[in-house]
Amino acid sequence: MLRVGRAVACMACKNLVSNNMGVRFRMPLQKLHPLSRAIHHRYNASANPQRPPHCSAARHFTSMSRLPMRPPKPPPGHGGWRYQQHRNFWMLRLASRLLKLRYIVLGSAVGGGYTAKKTYEEWKDMLPDMSAYNWVIPDFVWELSDHIDLDKLTKILPELEEIAKLLPELPDFDKIGENFTFLKSILSTGVSVGSEGASGLRLLLAEAPGDTPVKAATEAPVTAKPEASDKQFKKSSDKEKVDQLQEELLRTQMKYQRMLERLEKENKDLRKVMLQKDEKGIHQRKIKVCKSLIDMYSEVLDILSDFDSNYNTQDHLPRVVVVGDQSAGKTSVLEMIAQARIFPRGSGEMMTRSPVKVTLSEGPHHVAMFKDSSREFDLGKEEDLAALRHEIELRMRKSVKEGQTVSPETISLSVKGPGIQRMVLVDLPGVISTVTAGMAADTKETIFSISKNYMQNPNAIILCIQDGSVDAERSIVTDLVSQMDPQGKRTIFVLTKVDLAEKNLASPNRIQQIVEGKLFPMKALGYFAVVTGKGSAGESIDSIKDYEEDFFQNSRLLKDGMLKAHQVTTKNLSLAVSDCFWKMVRESVEQQADAFKASRFNLETEWKNNYPRLRELDRNELFEKAKNEILDEVISLSQVTPKHWEAILQKKLWERVSTHVIENIYLPAAQTMNSGTFNTTVDIKLKQWTDKQLPHKALEVAWETLQEEFARFMAEYKGKDQDDIFDKLKEAVKDESIKRHKWNERAMDSLRVIQHNALEDRSITDKPQWDAAIQFMEETLQARLKDTDSVINDMVGPDWKQRWMSWKNRSPEQHTRNETRNELERLLKLHEDHTAYLANDEVTTVRKNLEGRGVEVDPALIKDTWHQLYRRHFLQKALQHCNLCRRGFYYYQRHFVDSELECNDVVLFWRIQRMLLITANTLRQQLTNTEVRRLEKNVKEVLEDFGEDNERKVHLITGRRVQLAEDLKKVREIQEKLEAFIEALHKEK
């Protein structure tokens, strides 16, 4: 290549450039660019002496400049040597032009490369910054040379001759010897091969930008030293060689285990970051499907827990059932799987009193939530953990009925967090062998029943927890598990407290027998050994994991080969249980969906045959319908007319107080001899009655009237095609509303003042009021006289007409009373103005007269008979006096002056009647303005309380129709959710 202007030029072409160009060439040929030498050195005279030297004019231009214009031809007659030179060196001119064309091509290539580089830089700037995820690449990739000592591993391998001595009868020994020799050759030359580039991993590590150089132990070839190795093996015994090999393998295995845990932790942090991203992507959609999948499955199990199965449709959906002896460590294992200490703890006492269903799923934050609550407990905060444990304990104690120790009611809890294995576990109460003080007598049988109920599900995975620190012969749960799963096809055995077992057992081989399934009569899919801490309640999950890892790293159970690495730690247990759970789910969920589909068909067929014209309303829908009807009936109370209210209230109030008015006010006052005493007695007794009894009686009457009207409207509404299925509910709502309703206390005080003022008034203004009082008095006295005659007839028995017509006879007591009545009536005829009471001498006279006729009678019987006879006599005289007072209004206006007629009793009844009218009006106003609305409010509150109480609704709304609608709704819901779950499960595959 030719560069012009103080740069470089071929030494062979130096003489071809004219001196007037001002270019000097002082650079040797060896320092020129190789491409320039290859192009121009061929024209050097020394290189090719047969060819004449060529010359080309050197011009000041670059490859990016315009090409020089062709020089003009010389004018005619001006030929000279210059013109001849152009004609003689046409080859040189052709080469020069070709070189110019190459400059154009090379310049274009340089420009295109620069443009491509700039475009690449712009495109690279548009890419997202992935530097935040550099930590995802695990550190152990760069540390393999530290963890694998090929030189040491080669030295401890025995020689082929020693293997032949140890295993003389081994078949195919020649082939095994060839493989063993090939293994030693690979180990002895592996490092050198890696350093030469045969190992892609080491080449990648060596060229990784920004990384430290690979260690010398990895780069330097490891040469085998057969001579030293032979000497070392000859000096050591066979047993020591085996021990060294096992120790090295165990150390290597534990190193890889730590690297795996580190990688899992980094992966967990990465998944947490990805879950928190708002951008939608493939990974986020995958995580959402995984997270919602277990939630969908858990919802199906929640519905099934409340489903009363019919038509042999049973809940056979898989879940992990955690069973074990009391204090065997069930809860601790479950907490290690959930990665949080979420359960209440106690020292030796029973803490798990009811089944706890825990749904484990993956999420960005470590939180827990109950099925029937919206509160989230942050499991990273100790305050929320304590609150969660307290809430679980409260729910357990609340679920246990009075007189019981455990409960079959399930508590549903969900736990989410990054890196948690998805599954559904049910923690059951620990199996006990003896009922202790404070427990119910049937506690042992109840726990066995609950455990069998969960384990008899053919698709349930049984996680059998056995305490390794106690003798295996004391275990009860193993026999129970072997009965439920004799073949061990769905049982996973877990041995807890292995650290205590190794420390206490004289023969560690028993642990090996347990985890190999040779000590217990039960079979299992897998056997695991775990350590769940040192027994302190304050230990955290991380500290327990560290303690478990350190224990197994230093335990002789692994060093001696009694346990395998995949059989230890709760992490491996969690992975195994999760895999087994989802395998069981995929195998059985479609079969369960078909079973519920068949059950749905049977239920729909029964409904169509039995209730063809009725809607399929479940219990909640029926309750809402009944609620609307009850509220309509309460609203109808506001449509009652004031006249109707007042008439009912006045009538009922008089029925309630009439006895007191007649017996305690009117009769005592009427037996006095003058009007002054009569009025005084009446005023005193009315005042006492108003202050103590009357307001309270009036409010009772008003409340009872409101109840009766409410019941009447409900009965009338019932006649309008009301469903009889609501009768119990309406009656319960009415009773509860009445029980809660309390009349306003201020109403009683105001009512007392009104009644007192009404009774104080004695002024009858006109004749109609007087006549109304006469009529009221007459009706009252006639009713009392009728009642008195009825009592006397019952006392003396049937008269002669009834005896002859109805064939009735008197009893001996009735005969005695009849004789006594006849004697007393003769006394009244002689003394019509007799007082209300008999004197003792009069009682003796009557008794003597009866004894003379052969009738033995008791003085008390005489007085009792006299009371009724005198009452009838008095009422008859009062009715006669009432008739006389019909024309007494004129004398009343003159205050009975100059008149022998005194009608003070009529004034009394007018006062009573007016008090009844005013009280009825006042109560009606209170009812319509206040109490009806308060009753409506109480009814609404009762309905809301009943709506939240499922047990009460089940008790009040019953019947085959209700149960059939309930089952049909739940079966449909279960089937739909199962189908949605199966679809999501297939998408995940």
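Residues numbered from 1 in each chain as written. Predicted model: local features only at pLDDT ≥ 70, side-chain atom pairs only at ≥ 80, totals over all residues. Heavy atoms only, no water.

Participant: Give me the lowdown on the nonpolar core, citing residues and values where you can.
Facilitator: Ranked by size, the top nonpolar core spans 100 residues in total, and within it Y666, W689, W770, I912 and V939 carry the most contacts. At 17 residues, the largest contribution of residues to this core is made by helix α34 (residues 904–948). Setting aside residues no more than four positions away along its own chain, I912 makes contact with W654, V661, L686, W689, L759 and F776. Listed in part, the 59 residues of the second largest apolar core include L304, A338, V356 and F377. (Core = buried A, V, L, I, M, F, W, Y, C linked by side-chain atoms within 4.5 Å. Buried < 20%, exposed > 50% of the residue type's maximum accessible area, 1.4 Å probe, protein only. Helix = DSSP H or I, 4+ residues; strand = E, 2+ residues; numbered from the N terminus. Contact = heavy atoms within 4.5 Å.)

Participant: Go over the packing of helix α21 (residues 570–610) against helix α36 (residues 960–988) with me, naming the residues and quoting the values.
Facilitator: Packed helix pairs are specified by the crossing angle of their axes together with the interaxial distance, meaning the distance between the axes. Where α21 contacts α36, the axes come no closer than 9 Å and their chain directions differ by 150 degrees. The element α21 and its partner α36 pack so that their crossing is left-handed. (Axes fitted to C-alpha atoms, helices over the stretch in contact; angles between N-to-C directions. Left-handed = near helix turned anticlockwise from the far one by under 90°.)

Participant: Give me the lowdown on the packing of aromatic side chains, citing residues and values where you can.
Facilitator: For the structure on display, the rule yields 16 aromatic pairs. Between F370 and F377, the aromatic rings sit 6.0 Å apart at their centres with planes inclined by 85 degrees, giving edge-to-face as the arrangement. For the residue pair F370 and F377, the accessibility class agrees, reading buried in each case. Through a chain of ring-to-ring contacts, three or more aromatic side chains come together here, namely W654, Y666, F776, F874 and F909. In this arrangement the basic side chain of R395 is found over the ring face of F370, its NZ or CZ atom lying 4.0 Å from the centre. Across from the ring centre of F623, 5.6 Å away, lies the NZ or CZ of K953, which sits over that ring. (Phe/Tyr/Trp six-rings, centres within 6.5 Å; stacked < 30°, edge-to-face > 60°. Lys NZ or Arg CZ within 6 Å of the ring centre and 35° of its normal.)

Participant: So what's going on with a nonpolar patch on the surface? Which residues, and what values?
Facilitator: Taken together, W800, W804 and M805 make up a surface patch of nonpolar side chains, about 500 Å² in accessible area. Looking at the element boundaries, M805 is found in helix α29 (residues 800–806). Assessed through its relative accessible area of 65%, M805 is described here as exposed. (Patch = residues over 30% accessible without salt bridge, like charges linked within 9 Å, V, L, I, M, F, W, Y side chains within 5 Å. Areas by Shrake-Rupley, 256 points an atom, 1.4 Å probe, with all protein chains shown as cover. Salt bridge = Lys/Arg side-chain N within 4 Å of Asp/Glu carboxyl O.)

Participant: I'd love a proper account of the environment of S482, names of residues and values included.
Facilitator: The residue S482 is located in helix α16 (residues 477–484) in this model. What makes S482 buried here is its relative accessible area of 18%. Between the alpha carbons of S482 and F520 there is a distance of 9.4 Å; along the sequence they are 38 residues apart. Among the polar contacts listed, one links the side chain of S482 to the backbone oxygen of T478, at a separation of 2.4 Å. Engagement of the side chain of S482 in a polar contact is seen with the backbone oxygen of D479, the distance being 3.3 Å. (Polar contact = N/O pair within 3.5 Å; in protein donor to acceptor, adjacent residues only side chain to side chain.)

Participant: Residues and numbers for the pattern of salt bridges, please.
Facilitator: All chains considered together, the criterion is met by 43 salt bridges. The shortest N-O distance in the salt bridge between R872 and E825 comes to 3.0 Å. Of the two residues, R872 sits in helix α32 (residues 859–884) while E825 sits in helix α30 (residues 812–830), which places them 47 residues apart along the sequence. Relative accessible area serves as the criterion here: at 26%, E825 is assigned to the partly exposed category. One salt-bridge network, held together by shared partners, links R600, E604, E616 and R972.

Participant: I'd like to hear about unusual backbone geometry, residue by residue, with values.
Facilitator: Generally, phi is negative for residues other than glycine and the peptide bonds are trans, each holding for most cases. A positive phi angle, near 55 degrees, is found at K497, a position not held by glycine. Assignment of secondary structure puts K497 in the loop between β8 (491–496) and α17 (498–504).

Participant: Got a sec to walk through the packing of α30 against α32? Specific residues and values, please.
Facilitator: α32 packs onto α30 with a crossing angle of 55 degrees between their chain directions and a minimal axis gap of 9 Å. By the criterion of interaxial angle, the relationship of α30 to α32 is oblique. In this structure, α30 meets α32 at a crossing whose hand is right-handed. On the side of α30, the interface is formed by T816, R817, T820, R821, L824, E825, L827 and L828, while α32 contributes L861, I862, D864, T865, W866, L869, Y870, R872 and H873. Grouping the amino acids of the contact of α30 with α32 by side-chain chemistry returns eight nonpolar, four polar and five charged. (Parallel < 35°, antiparallel > 145°, perpendicular 65-115°, else oblique. Nonpolar A, V, L, I, M, F, W, Y, C, P; charged D, E, K, R; others polar.)

Participant: Explain the sheet that holds strand β7 (residues 461–467) to me, and be specific about the residues and the numbers.
Facilitator: Sheets are built from strands paired through backbone hydrogen bonds, the pairs being either parallel or antiparallel. Overall, mixed pairing links the nine strands, which are arranged β4-β3-β5-β2-β6-β1-β7-β8-β9 in an open sheet. Both edges of this open sheet fall to β4 (377–378) and β9 (526–529), since each of them pairs with a single strand only. Note that strand β2 (residues 356–362) and strand β6 (residues 423–427) share five bridges and pair antiparallel. The partner of V358 across the bridge, within β6, is L425. Sheet strands in contact with α16 are β1 (320–324), β7 and β8, and its direction is about 160 degrees off that of β7. (Pairing = 2+ DSSP bridges.)

Participant: Before we move on, could you go through the state of the cysteines and cite the residues and values that matter?
Facilitator: By the definition in use, this model includes one disulfide. Put simply, C885 and C903 are joined by a disulfide, and their sulfur atoms are 2.1 Å apart. Linking C885 and C903, the disulfide has an S-S dihedral of approximately -100 degrees and is accordingly described as left-handed. Of the two residues, C885 sits in the loop between α32 and α33 (889–893) while C903 sits in the loop between α33 and α34, which places them 18 residues apart along the sequence. Relative accessible area serves as the criterion here: at 0%, C885 is assigned to the buried category. No disulfide involves C882; its nearest neighbouring cysteine sulfur is the one of C885, lying 6.8 Å away. (Disulfide = S-S within 2.5 Å.)

Participant: Explain the environment of V907 to me, and be specific about the residues and the numbers.
Facilitator: With respect to the helices, strands and loops of the structure, V907 is situated in helix α34. With residues near it in sequence (within four places) discarded, V907 still touches R762, I764, W770 and Y892.

Participant: A description of the pairing of β6 should follow, citing residues and the corresponding values.
Facilitator: When you tally the buried positions in β6, you get five out of five residues, the bulk of the element. Side chains M423, L425 and D427 project from β6 onto one buried face, and the interleaved V424 and V426 project onto a second face that is buried too. Looking at chain direction, β1 and β6 are connected through three bridges and run parallel. Within β6, the position partnered with V320 by the bridge is L425.

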